[in-house]
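Listed here are the chains, written in short residue letters.
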Amino acid sequence: MCEVRSVVCWLVPLIVLLPGVARAQEREVSISIEDAIRRAAPVSEEVDIATHAVRRAKSEATKADSGWYPQVTASASYTHTFKSEYDGLFDNAPGGAGLSNLPFGRDNTWRFGIAIRQNVFGGGRTLAAGRSADAARSAAAIQLSSARAQAVLRATEAYYDALLADRRVKIASETLAQAERSRDQTDEGYREGRLSEFDLLRARVAVQTQEPVVTQRKAERRLAFLHLKQVLDIPTWKSVELTSDLATPPPIESAGKSTTLERASVRQARAQVRMSRAAVDVAQAEHYPSVDLTMDWGRVAYPKGTFPTWDDFRTNWTGGVMVTVPLFTGFRISKQVSSAEESLAQSRAKLRQAKKAARYDSEKASSDISTAKALMDKSSAALVQAEKAHRIAALRYREGVSTELEVNDARLAVERAKLSQAQAARDLRVAKVRMALLGQLPLAARGAP
């Protein structure tokens, strides 16, 4: 009986706690940099928008190609005549008995028909429209790859920003802990009579000054993690645990330095030039005549009653050639050509502009990596020296040969070196990812050198 009671005592708390543990696990998400990059594109609204743009461009290309095929339409109509100009026209006419069987003036008319149109010459309109649609489809595909690259870069920045914010909180907390230990030592020295009240006040002020910094860093961390959740489409009520650190390189291999012509913005500008050139051809084609082959087949019935029988229907079958020549359009065609040529000139200017910006952006991306590496090395060396200086200052202070000011300066130097090292590590990781994706990324906003 005692054994049964013991088992029950163990099982009841276990049954009560298990659902809570499961809910706690559901509220926490572990994310590595690999997970962030893998999840970036599928949850990006920009990628979704670009995907629909690609599908729309494919539909427009199919629409442009439809000009090569015959256009077949079917029609059906019913007409009831309430009053006709032929009413009573043949009632008193000599020999009018035969004319009464004609369809003129019948109250009901039924028509069924099929019409076929095939354009055989349009001045190059269909060919130019196809080239424009192909260029638009190419531009949409470039935009899709660019949106995916932007999603990956945005997720990388958000992930390393969250790591940097978390690292800043730890640095600020460590600095606060050092200030509190220094305050405690100063308080002890003051009670023993070795240190003055001024030293004690300075130690207390150092702690009170660092406490708001810790609060601010924690607020920045909350915002950084919130931004990461939004980028990766993680519910805000879930807590995120970052399993990578600032020293973890992103799982993206650099493809080497991207040339100017390989940049997405330059390729899009070239596609826009092709679209504008095709628009000029379409506008100029309006000057030429349009030749179409036509064929119409139909059945028409003029029943004496409301509904016809099969014998009431007669067949109309015609074919021909239709030539349309623009003689005067109120200067519409010439202005369309002029407008299209101006758009082409504008597209060419934008292409030159994109090439210049791409060269600058590529050099800037390479310079960002070199700068981040240099700052990383210098900040690491500065951190070693600052920590050594802080240890010496703390020892001198304990021996009574230094002041609290010297200790505070050494402690702040350590904090600045740690922050600089963390910032350089973040910048280096992001710069490498940007360089790896440079061919697909849009051009960065160019500022003053």
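Residues numbered from 1 in each chain as written. Predicted model: local features only at pLDDT ≥ 70, side-chain atom pairs only at ≥ 80, totals over all residues. Heavy atoms only, no water.

Looking only at helices and strands, the protein chain has nine helices and six strands in total. Burial analysis of the protein chain (449 residues in total) assigns 34% to the buried set. (Helix = DSSP H or I, 4+ residues; strand = E, 2+ residues; numbered from the N terminus. Buried < 20%, exposed > 50% of the residue type's maximum accessible area, 1.4 Å probe, protein only.)

Okay, helix α3 (residues 45-65) next. Spanning 21 residues, α3 covers 31 Å between terminal C-alpha atoms, matching the ideal 30 Å at 1.5 Å per step. Those residues of α3 that sit buried are V47, A50, A53, V54, A57, A61 and A64. Mapping the buried residues of α3 onto a view down its axis gives an arc of 110°, with all of them on the same face. Exposed side of α3, more than 90 degrees from the buried face: E45, I49, R55, R56, T62 and K63 are the residues found there. Buried positions along α3 lie against α5 (125-192). (Expected span 1.5 Å × (residues − 1). Arc of directions from axis to C-beta. Contact = heavy atoms within 4.5 Å.)

For the rest of this paragraph, the subject is the sheet that holds strand β6 (residues 313-324). Pairing within the open sheet is antiparallel, and its four strands lie in the order β2-β3-β5-β6. Looking along the sheet, the strands with just one partner apiece sit at the ends: β2 (71-80) and β6. Across the sheet, the axes of successive neighbouring strands diverge by a mean angle of 15°, strand direction being ignored. Bridge count between β2 and strand β3 (residues 108-121): ten bridges; the pairing is antiparallel. (Pairing = 2+ DSSP bridges. Axes fitted to C-alpha atoms, helices over the stretch in contact; angles between N-to-C directions.)

Let's shift gears to the environment of V273. Residue position: V273 is located in helix α7 (residues 264-285). Counting along the chain gives 71 residues from V273 to L344, while the straight-line C-alpha distance between them is 6.2 Å.

Residues other than glycine seldom take positive phi values, yet D233 does so here, at roughly 60°. Among the structural elements, D233 can be located in the loop between α6 (197-231) and β4 (239-242). Even without being a glycine, F331 presents a positive backbone phi close to 65°.

Looking now at the packing of α5 against α6. The interhelical angle for the contact between α5 and α6, taken along N-to-C directions, is 165°, at an axis separation of 8 Å. In this view, α5 runs roughly antiparallel relative to α6, as classed from their interaxial angle. Classified by chirality, the crossing of α6 by α5 is left-handed. Taken together, the residues of the contact of α5 with α6 break down into 20 nonpolar, six polar and 15 charged. (Parallel < 35°, antiparallel > 145°, perpendicular 65-115°, else oblique. Left-handed = near helix turned anticlockwise from the far one by under 90°. Nonpolar A, V, L, I, M, F, W, Y, C, P; charged D, E, K, R; others polar.)

All right, on to the pattern of salt bridges then. Counted under the stated rule, the structure contains 18 salt bridges. As a salt-bridge pair, K364 and D368 come within 3.2 Å of each other at their nearest N and O atoms. Here D368 and K364 lie together in helix α8 (residues 332-399), a separation of four residues that amounts to about one turn. You can call K364 partly exposed: its relative accessible area is 37%. Judged by relative accessible area, which is 31%, D368 ranks as partly exposed. (Salt bridge = Lys/Arg side-chain N within 4 Å of Asp/Glu carboxyl O.)

The subject of this paragraph is the environment of T156. Position of T156 relative to the elements: it lies in helix α5. Take T156: its relative accessible area is 0%, and that puts it in the buried class. Remark: the alpha-carbon pair of T156 and E34, spanning 122 residues in sequence, is separated by 9.4 Å.

As a further point, take the packing of aromatic side chains. With the rule as written, the count across this model stands at six aromatic pairs. Plain terms: the ring middles of W310 and F313 are 6.3 Å apart, the flat faces sit at 45° to each other, and that makes the pair tilted. With a relative accessible area of 65%, W310 lands in the exposed category. Taken together, a centroid distance of 5.6 Å and an interplanar angle of 80° make the contact between F328 and F331 edge-to-face. Note on accessibility: F328 and F331 belong to one class, exposed. The ring of W310 is capped by R299, whose NZ or CZ atom sits 4.5 Å from the centre of that ring. (Phe/Tyr/Trp six-rings, centres within 6.5 Å; stacked < 30°, edge-to-face > 60°. Lys NZ or Arg CZ within 6 Å of the ring centre and 35° of its normal.)

Attention shifts here to the pairing of β4. Burial along β4 is one-sided: V240 and L242 are buried, and none of S239 and E241, which face the opposite way, are. Bridge count for strand β1 (residues 28-31) against β4 is four bridges, and the pairing is parallel. Residue pairing across strands places S30 opposite E241, the latter belonging to β4.

We now examine the confidence of the model for the protein chain. In the predicted model, the protein chain carries a mean pLDDT of 84, and 88% of its residues have values of at least 70. Across the protein chain, the element-wise mean pLDDT spans from 51 in helix α4 (residues 96-99) up to 93 in β2. (pLDDT = per-residue confidence, 0-100.)

Counting 41 residues, the largest nonpolar core has I31, Y159, L228, L232, V240, L242 and L437 as its most contacted members. Counting residues per element, the ones that place at least two in this core are β1, α2 (33-40), α3, α5, α6, β4 and α9 (404-436). Among the elements that make up this core, the one with the highest residue count is α5 (15 residues). Among the nonpolar cores identified, the runner-up in size contains twelve residues, and V266, A269, V273 and A340 belong to it. (Core = buried A, V, L, I, M, F, W, Y, C linked by side-chain atoms within 4.5 Å.)

Before going further, it helps to examine a positive patch on the surface. On the surface, R274, R277, R348, R352, K356 and R359 cluster together to form a positively charged patch. Elements with a contribution of two residues or more to the positive patch: α7 and α8. Along the polypeptide, R352 turns up in helix α8. Overall, the relative accessible area of 51% leaves R352 in the exposed class. (Patch = residues over 30% accessible without salt bridge, like charges linked within 9 Å, V, L, I, M, F, W, Y side chains within 5 Å. Areas by Shrake-Rupley, 256 points an atom, 1.4 Å probe, with all protein chains shown as cover. Lys, Arg positive; Asp, Glu negative; His and termini not counted. Charge placed at Lys NZ, Arg CZ, Asp CG, Glu CD.)

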